[in-house]
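Chains, contacts and geometry: an overview
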Amino acid sequence: MGVCWGPVVRVLVLQAAWALGGGQVRYSLPEEAKAGTVVGRLAQDLGLEAGEPEARRLRLVAQGRRASVEVSGASGALVVSSRLDREELCGKSAPCALRLEVLVERPLRVFHVELEVTDINDNAPLFPAARKNLSIAESSLPGSRFPLEGASDADVGANAQLSYTLSPSEFFRIEEEGSYSRSKSLFLVLAKPLDRETMPVHRLVLTASDGGRPSLTGTMELVISVLDANDNAPQFNQSVYNALLSENALEGTLVARVSATDPDLGIYGEVLYEIDTFVPPSASDVFSIDATSGEIRLTGALDFETVTFYDLHVKAKDKGTPPLSGHCKVVVEVLDVNDNAPEVWVTSLSVPVPEDAAVGTVVALLSVSDRDSGANGRVRCAVRPAAPFGLVARLTGSYSLVLREALDRERVAEYEVEVRAEDGGAPPLRASRGLRVPVSDVNDNAPAFAQAVYTVLARENNAAGAELARLWARDPDEAGNGRVSYSVAEGGGGGSGGAAAGGGWRPASSYVSVDAESGRLWALQPLDYEEVQVLQFEVRAVDAGEPPLCGNATVQLFVVDENDNAPALLAPAGVGPGPGAAVSAASGPGSGALWAWAAWGAPAGQVVAKIRAVDADSGYNAWLRYELWEPRGKGPFRVGLYSGEVSTARALEEADGPRQRLVIVVRDHGEPARSATATLSVSLGEGAEAALAAAGSSSSLPGAGLRPAAGTEAGAAAASSSSSTNVWLVVAICAVSSLFLLAVVLYGASRWAPRAAALSGPGPATLVCASEVGSWSYSQRQSRSLCVADGAGKSDLMVFSPNFPPPPGPAAKETQPEPPALPDTVSGPPFPASRPCLPPRPRAPFSPWGWGGAGGSRAEPAGGGCLAGA
């Protein structure tokens, strides 16, 4: 361009300081700076230490235009990377500022840099044409002005301030005239009258000089032809026409109507219109004028973002020879409409986001712009969904997508975020940009069992390794954070009183184990109900996160009783172990031989003896019933089905013989049922002999007179000897008179003793006995024992209460059906709270709160036991 640069291009730094709160740096340099020219020390101005620009990846992000500058990675300086031409970048706009975004990482920050490219005088004024032909009538008066199209200079400011000079001439001079338009008007003024005959053509040089240092010039040759004749030129009614036109105006829209008049007559007064000059030249494709009416109409599309003003120089000429003309200017201002939607760019995105990220964490950086101006270019932004993300405005057109609420990957693992931009136009235009924000998992959920307490039922005598239950804990975390392993944490079990039969508490790990991966609970050894009834322990579920989290569940393992114990006969009350109480070897285990006394003539229904037995099982498996096995048929004796009482079925006669042998079978209600047999020898004699034999008994219970038999032959000999000795009766008749009364009392006591409410006995315990059709029991855990013999205990018992009085007939007790389950209240020592019991019935499904189990109630033979308070 003819401009000489010095050896060193000086870079003018207009401002390199932070805008308050904005983080913006401004630089300025002249255009046409050579590549490699340092614009400024960007890293230093941003407050970065040496080495940080490269470590934190300092880089530029240009907005829209080619930046022509770059950041030196090593030094962090802003340098010119390619040719900078202000006219190419900004045209006539002043000032020419390039907006740049500077990004640094770790942490991510954005800075705004404004680079102003200053103008230098590198463009000379330029006329539209190198030659301009003018025709001026010789009749033109001095002072007549002829408009000329001025030169244009691509520079701005002082470099574009033009001044004009005309080569020396006595006939013409140049005048510049300011107007209300955006540009000055240039006129060629006639200084003195012309004489075509003297000089028909005048050749002048018009020179335009700009205000640069040094000044640049441009020239145009003016060729002026002097015309004769027509001496009145058309005149417009105004010199400047102003028009406003929306940029969305349709083709054919009327822009303006110009009008000029010519006072000449005839063809010299007829005016034709034409657009002489278009500014900018591209307007020739946008506007046209009707030659006769002077109407200017739109023939092309307008774009406010490209050209905002048009200058149309209109000429009106007559039809004279030569034609005379008048001139005016039409200034068209283009009005902006909202025809550009906002644009959204994502300049940085940091994903995935940990679910424990703090509120306020920056997820992405966004830039928003709109090419429209005014309200049409003002943009509002929003984010959908409104939670958990939000937008924070940093600078004009710059936003940060930040975390507004805490994240939970188990609820939402990935977010589809839409950033919406809307301008202020009417109607508003919108644009959107979608972002996919995945959430990464952290170990924030402990394993949770479906139940806090698991109740497991296991039958005793199960096989070792048998599966008892399956436990499952859910952990909603993923990968290792959600991988669960199981273990037995603590707990133990024992018998009905909380201790194992083997002596003491044993840990749960000696009975059961749990598979670490599947949660399968399995038995380490066979379970024995008589050893342990309830096993309570905790199972722990631990995930593989860091740090690991755990959850617990309580397992209550109830052992279900099986009928694996046969009934066992007990020694009679009041008789300790001795030779006379030995069980007959011929009867086998579980069987025993017993004897009792009865008097001839005893009425029906008199209790002779009572068989006592116990079963180590519980519930129905321990509920015993008594059956008379021999003799079959209608014998003199019968056995209470549940009481075990041996009573007379009819009045005894001497024909029944001196001795009766009874075989009694004791069975439980298990499936299959187990049994034991007892042999009872009943010696029959006179009433006095039977009374004396009964009086010799030390027991006051219904089993009085019941003794183990030393042998079958010995019992028969004793009965025979007693019945045949009349001498004993004669000698003792006086003494027996008193004993007879005692025998009657004892007889009545033996007959009515089962119906007594309470009897006092030796020892500290208080003895409470039931009626003939009912019995009391409670668990050893509640400090009560079922007494069926001296020192013998039964761990479980059920209560049955009669709802009708016993019938007087002897067969009433045998034909009575299962008694109803109405709980009794027993006065005496404190009892635990009563709990509901069920009547005897066929085996029901096992329940830890019903039949069987520790603390449960089970049916026992009616009248077959006593409840002793501890």
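Here the structure is shown first, and the text comes after it.
Report on the accompanying structure. This one's a predicted model, so the numbers in the text were calculated from it and none came from an experiment.

For the rest of this paragraph, the subject is the environment of alanine 448. With respect to the helices and strands, alanine 448 occurs in strand β32 (residues 448-449). Taking the C-alpha atoms as reference points, alanine 448 and tryptophan 472, separated by 24 residues in sequence, lie 8.5 Å from one another.

With that out of the way, let us pick up the environment of alanine 158. Within the fold, alanine 158 resides in the loop between β9 (145-148) and β10 (163-166). With relative accessibility at 48%, the residue alanine 158 sits in the partly exposed group. Measuring from C-alpha to C-alpha, the distance between alanine 158 and isoleucine 120 comes to 9.6 Å, with 38 residues separating the pair along the chain. Contacts of alanine 158, omitting those with residues within four sequence positions, involve Gly211 and Gly212.

Moving on, we come to the pairing of strand β21 (residues 295-298). Where strand β17 (residues 254-257) and β21 come together, three bridges link them in antiparallel fashion. Pairing of leucine 254 across the sheet is with arginine 297, part of β21. Strand direction decides the pairing type here: strand β20 (residues 287-289) and β21, joined by three bridges, are antiparallel. Note that in β21 the partner of isoleucine 289 across the bridge is isoleucine 296. Here β20 hands over to β21 after five residues, with glycine 294 in that stretch at a positive phi of 75°.

Looking now at unusual backbone geometry. Here glutamate 546 and proline 547 are connected by a cis peptide whose omega angle stands at 0°. You can see proline 547 is positioned in the loop between β40 (534-543) and β41 (550-560). The residue after glutamate 671, namely proline 672, is reached through a cis peptide bond having omega -5°. Structurally, proline 672 can be placed in the loop between β49 (659-668) and β50 (675-685). In this structure, asparagine 461 takes a positive phi of about 65° despite not being glycine. Tracing the backbone shows asparagine 461 in the loop between β33 (453-459) and β34 (467-470).

Spatial ordering of the open sheet is given by β2-β5-β4, a layout of three strands whose pairing is antiparallel. Each end of this open sheet is capped by a strand with a single partner; those strands are β2 (38-40) and β4 (69-71). The average angle at which neighbouring strand axes cross in this sheet is 35°, direction not considered. Relative to strand β5 (residues 78-80), β2 is paired through two bridges, and the arrangement is antiparallel. Across the sheet, residue glycine 40 finds its bridge partner in β5, namely leucine 78.

Quick notes on the rules
Residues numbered from 1 in each chain as written. Predicted model: local features only at pLDDT ≥ 70, side-chain atom pairs only at ≥ 80, totals over all residues. Heavy atoms only, no water. Helix = DSSP H or I, 4+ residues; strand = E, 2+ residues; numbered from the N terminus. Buried < 20%, exposed > 50% of the residue type's maximum accessible area, 1.4 Å probe, protein only. Contact = heavy atoms within 4.5 Å. Pairing = 2+ DSSP bridges. Axes fitted to C-alpha atoms, helices over the stretch in contact; angles between N-to-C directions.

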